[in-house]
Amino acid sequence: MDGCPKKNLLAEVLRKGIVLAKNEQNPADQNPTEESPHRLIEMRLEKMEELGQSVELYPYSYDRTHTSEQARSGEEKLVADETTVRYPGRIMAKRGTGKTLFVPIQDEWGILQAYFRKDDLGEEKFAQIQKLIDIGDWIGVEGPLFRTRTDELTVKVTDFTFLAKAIQPLPEKFHDMSLENKSRRRHLDLAMNLESRERFKLRSAIITDIRAFFAEDEFLEVETPVLQPLYGGATARPFTTHHNALDMTLYMRIADELYLKRLIVGGLEKVYEIAKDFRNEGMDRTHNPEFTMLECYAAYWDYHGMMDLTERMLRRLAVGFGDEGRVTYGEYEMDFNKPFVRLRFMDALAEKTGQDLMQTSTEDLVVLAKKHGAEIKKGMGRDKILDELFSVLVEPELIQPTFVMDHPKELSPLAKAHRETEGLVERFELFIAGFEVANSFSELNDPREQRRRFEDQKALMDAGDDEAQPIDEDFLQAMEQGMPPTGGMGMGIDRLVMLLVDTNNIRDVLLFPHMRPEQ
RNA sequence: GCGCCACUAGCUCAAUUGGCAGAGCAACUGACUCUUAAUCAGUAGGUUCGGGGUUCGAUUCCCUGGUGGCGUACCA
């Protein structure tokens, strides 16, 4: 094998070839990197220059008479009346047969095809569209509508206006872009994928409908600070920033809860905010560093009131955006028309384990949890073990909308103690398709108790827990002014949208998800 | 954070044991007056993610850095 003559000969020839190529290259090629990478762009710039000699390259406006949708819906009358339409959009393809040219033009609502004929347009104009105007450019076409032999609604172009040049080429049209490319260059994703457009329009419509829902219920939409001198209302690490004029540290909010409660103290009885929150934590399929959170608070309500509100809201969304109240998510089919299941936390565990765990000793609880495959770490409190057990035994089965209520106390530092059962709090979480959609409490409004809990948090913080909350004296002072009984609810809007548009990746519902910088 | 996998033309992807880096779309030239993934003939396009190593020879094997995907952990 080693001395194979054929092999050595081949190697020698190849080596010579490489040396030759190098020798050729060195003297001749002064600028080897200059030429190739942008050849497509250079080509387009050249065409642009030529086109610029006869038309305005970047005109200021265009008078549209019809969108693609309006042209389609009004076709019968438009064709009968031989109405001249003026239709602008982006060129998505060019199909020429020498002296004719078919050009699909896309606007926000879809694609309408345009038909260019040399005989109709004359030599110069036809040469423009055929030679100088590229896929990706924007034009407005003018002419009557007709149906082609293959029954495609088409603008028969009598004149057209150049609207803007695309120096960059569009991506290839019949393969999907990678999720990375879609997320990094959303403008291309939106240009190429109408279903992506529809998804983001749906997100917008969902949020609009949520606002309408709260307006009908006479909630007041408010805005509270994003930049906060102290962060709170959740357990999470914050982003930190600096105010130059005041020379002070400010934090991006991790929640708006503490400010909304001050409004309740002030006498605004029903408030809500759709807030961007920021948490300095890991990113994955279901977490983005900035995300949209709905929080609402209502004076004189408890968590039962919030449960009713949450159920009404989600049923409305499922009717509006699902199939008559039914929503498909992956392999699951949920029916929002039926009353949501209401399941007490401890009852669910009792049913799964066959015993009342309120009475079980912590030692027995650890044994039980391990038996069911829950991960038990040192230092976990009794309630934390219950939570682990719950997430292993119960959560995966919560496909239909289900309120899990009355949690153990340790898990819920912001909730009011349960009015009947010792050791529990008045809280609910809404689970749908196996993940948590909403979280709600009868809000704690005793300032002495609130101060104790802040001090517990402070102790955790001093012990090195970087997710613990600092003591917020301003908030405590507001609470000392007296907050009426209040129900509060928080809902992750991004995850709600994921559910309604049936995707398992948060990047599909965020126009510009956070990405690591390229290179 | 950790683990596994991926990165090749503007885009989507090939490339046998380590042996001349390819296709489709987009682009360019030409033909074609109802096309619709138009068609036909031809042309051009590459730092194979960066850096190092092994080898006569690396897209391929090893090390290292980057980015991404999936899983997992933490977490609304």
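Residues numbered from 1 in each chain as written. Chains lettered and ligands numbered in written order. Predicted model: local features only at pLDDT ≥ 70, side-chain atom pairs only at ≥ 80, totals over all residues. Heavy atoms only, no water.

Draft legend 1. Structural context of empty space enclosed by the protein. This model, assessed by the stated rule, comprises two cavities of 30 Å³ or more. The element that contributes the greatest number of residues to the lining of the largest cavity is helix H15 (residues 447–462), accounting for four residues. Broken down by class, the residue content of the lining of the largest cavity amounts to four nonpolar, three polar and one charged. Roughly 40 Å³ of volume is contained in the second largest cavity. Lining of the second largest cavity is provided by Gln228, Leu230, Tyr231, Gly232, Ala255, Leu258, Tyr259, Arg262 and Asp472. The dominant element in the lining of the second largest cavity, judged by the number of residues it contributes, is helix H10 (residues 257–266), at three residues. (1 Å grid on protein atoms, 1.4 Å probe; cavity = no way out; pocket = protein on both sides within 12 Å on 5 of 7 lines; lining within 4 Å. Points joined across faces, edges and corners; volume = space filled by probe spheres on them. Helix = DSSP H or I, 4+ residues; strand = E, 2+ residues; numbered from the N terminus. Nonpolar A, V, L, I, M, F, W, Y, C, P; charged D, E, K, R; others polar.)

Draft legend 2. Here's a closer look at the protein's contact with RNA strand B. Around RNA strand B, 56 residues are found, and the nearest of them are Thr150, Phe174, Arg279, His287 and Glu436. Protein-adjacent atoms of RNA strand B, using a 4 Å cutoff, are sugar or phosphate at a proportion of 61%. The contact in question runs from a phosphate oxygen of RNA strand B to an N or O atom on the side chain of Arg95, over 2.8 Å. When contributions to the surface near RNA strand B are tallied by element, the ones reaching two or more residues are helix H1 (5–28), helix H2 (39–52), strand S2 (95–96), strand S3 (100–107), strand S4 (110–117), helix H7 (179–184), strand S13 (290–299) and strand S19 (435–442). Here the surface near RNA strand B takes four residues from H2, the largest share from any one element. Class assignment of the residues belonging to the surface near RNA strand B gives a composition of 13 nonpolar, 16 polar and 27 charged. (Near = heavy atom within 4 Å. Polar contact = N/O pair within 3.5 Å; in protein donor to acceptor, adjacent residues only side chain to side chain.)

Draft legend 3. Inspection of the layout of surface pockets at higher detail. In this structure, the second largest pocket encloses a volume near 290 Å³. Lining the second largest pocket we find 17 residues, and of these Lys276, Glu290, Leu510, Leu511 and Phe512 sit closest to its centre. Every element with two or more residues in the lining of the second largest pocket is listed here: helix H9 (194–216), strand S12 (270–278) and S13. Here the lining of the second largest pocket gets three residues from one element, more than from any other, and that element is H9. Each residue belonging to the lining of the second largest pocket can be placed in one class, and the counts come to 10 nonpolar, four polar and three charged.

Draft legend 4. Spotlight on the packing of aromatic side chains. Counted under the stated rule, the structure contains 14 aromatic pairs. Between Tyr115 and Phe146, the ring centres sit 5.9 Å apart and the planes meet at 50°, which makes this aromatic pair tilted. Pair noted here: Tyr115 is in strand S4 and Phe146 is in strand S5 (residues 138–147), with a separation of 31 residues, a long-range link. Given the relative accessible area of 14%, Tyr115 is considered buried. Summarising the aromatic geometry, the rings of Phe345 and Phe390 are spaced 4.3 Å apart at their centres and angled 15° between planes, so their arrangement reads as stacked. With Phe345 in helix H12 (residues 345–353) and Phe390 in helix H14 (residues 382–393), the pair connects residues that are 45 residues apart, well separated along the chain. Assessed through its relative accessible area of 0%, Phe345 is described here as buried. The class for Phe390 is buried, based on a relative accessible area of 0%. Connected via pairs of aromatic rings, a cluster forms that spans Phe213, Phe214, Phe219, Tyr272 and Trp301. Geometry around Tyr62 places Arg86 over its ring, the cationic atom sitting 4.4 Å from the centre. Geometry around Tyr259 places Arg262 over its ring, the cationic atom sitting 4.4 Å from the centre. (Phe/Tyr/Trp six-rings, centres within 6.5 Å; stacked < 30°, edge-to-face > 60°. Buried < 20%, exposed > 50% of the residue type's maximum accessible area, 1.4 Å probe, protein only. Lys NZ or Arg CZ within 6 Å of the ring centre and 35° of its normal.)

Draft legend 5. View of the packing of H9 against helix H17 (residues 493–501). Two elements in contact, H9 and H17, have axes whose closest approach is 10 Å; the angle formed by their N-to-C orientations is 120°. By the criterion of interaxial angle, the relationship of H9 to H17 is oblique. As H9 packs across H17, the resulting crossing turns out to be right-handed. Residues Arg199, Leu202, Arg203, Ile206, Ile207 and Ile210 of H9 form the contact with H17, whose own contacting residues are Ile493, Asp494, Leu496, Val497, Leu500 and Val501. Classifying every residue of the contact of H9 with H17 by side-chain character gives nine nonpolar, no polar and three charged. (Axes fitted to C-alpha atoms, helices over the stretch in contact; angles between N-to-C directions. Parallel < 35°, antiparallel > 145°, perpendicular 65-115°, else oblique. Left-handed = near helix turned anticlockwise from the far one by under 90°. Contact = heavy atoms within 4.5 Å.)

Draft legend 6. Representation of the sheet that holds strand S16 (residues 341–344) within the structure. Strand order in the open sheet made by the eight strands is S8-S12-S13-S20-S19-S18-S17-S16, with mixed pairing throughout. The sheet is open, and its two edges are formed by strand S8 (220–221) and S16, each paired on a single side. Strand direction decides the pairing type here: S8 and S12, joined by two bridges, are parallel. Bridging across to S12, Leu220 finds its partner in Val271. Packing against the sheet, H12 makes contact with S16 and strand S17 (402–405), and its axis sits at approximately 80° to S16. (Pairing = 2+ DSSP bridges.)

Draft legend 7. View of the pattern of salt bridges. Overall, the coordinates contain 42 salt bridges when judged by the stated rule. Linking Arg147 and Asp151 is a salt bridge whose minimum nitrogen-to-oxygen distance equals 3.6 Å. Accessibility expressed as a relative area gives 38% for Arg147, which makes it partly exposed. Residue Asp151 is classed as exposed on the basis of its relative accessible area of 52%. (Salt bridge = Lys/Arg side-chain N within 4 Å of Asp/Glu carboxyl O.)

Draft legend 8. Structural detail: the domain arrangement of chain A. Splitting chain A by domain gives domain 1 (42–164) and domain 2 (194–340 + 400–508). Once you take the C-alpha centre of each, domain 1 and domain 2 turn out to be 49 Å apart. (Domains from an automatic or database assignment.)

Draft legend 9. Representation of the environment of Ile133 in the model. Looking at the element boundaries, Ile133 is found in the loop between helix H6 (123–132) and S5. A relative accessible area of 0% means that Ile133 is categorised as buried. As a C-alpha pair, Ile133 and Leu51 span 82 residues in sequence and 8.0 Å in three-dimensional space. The contact partners of Ile133, leaving out residues within four places of it in the chain, are Leu51, Ile91, Lys94, Gln128, Ile139, Phe160, Phe162 and Lys165.

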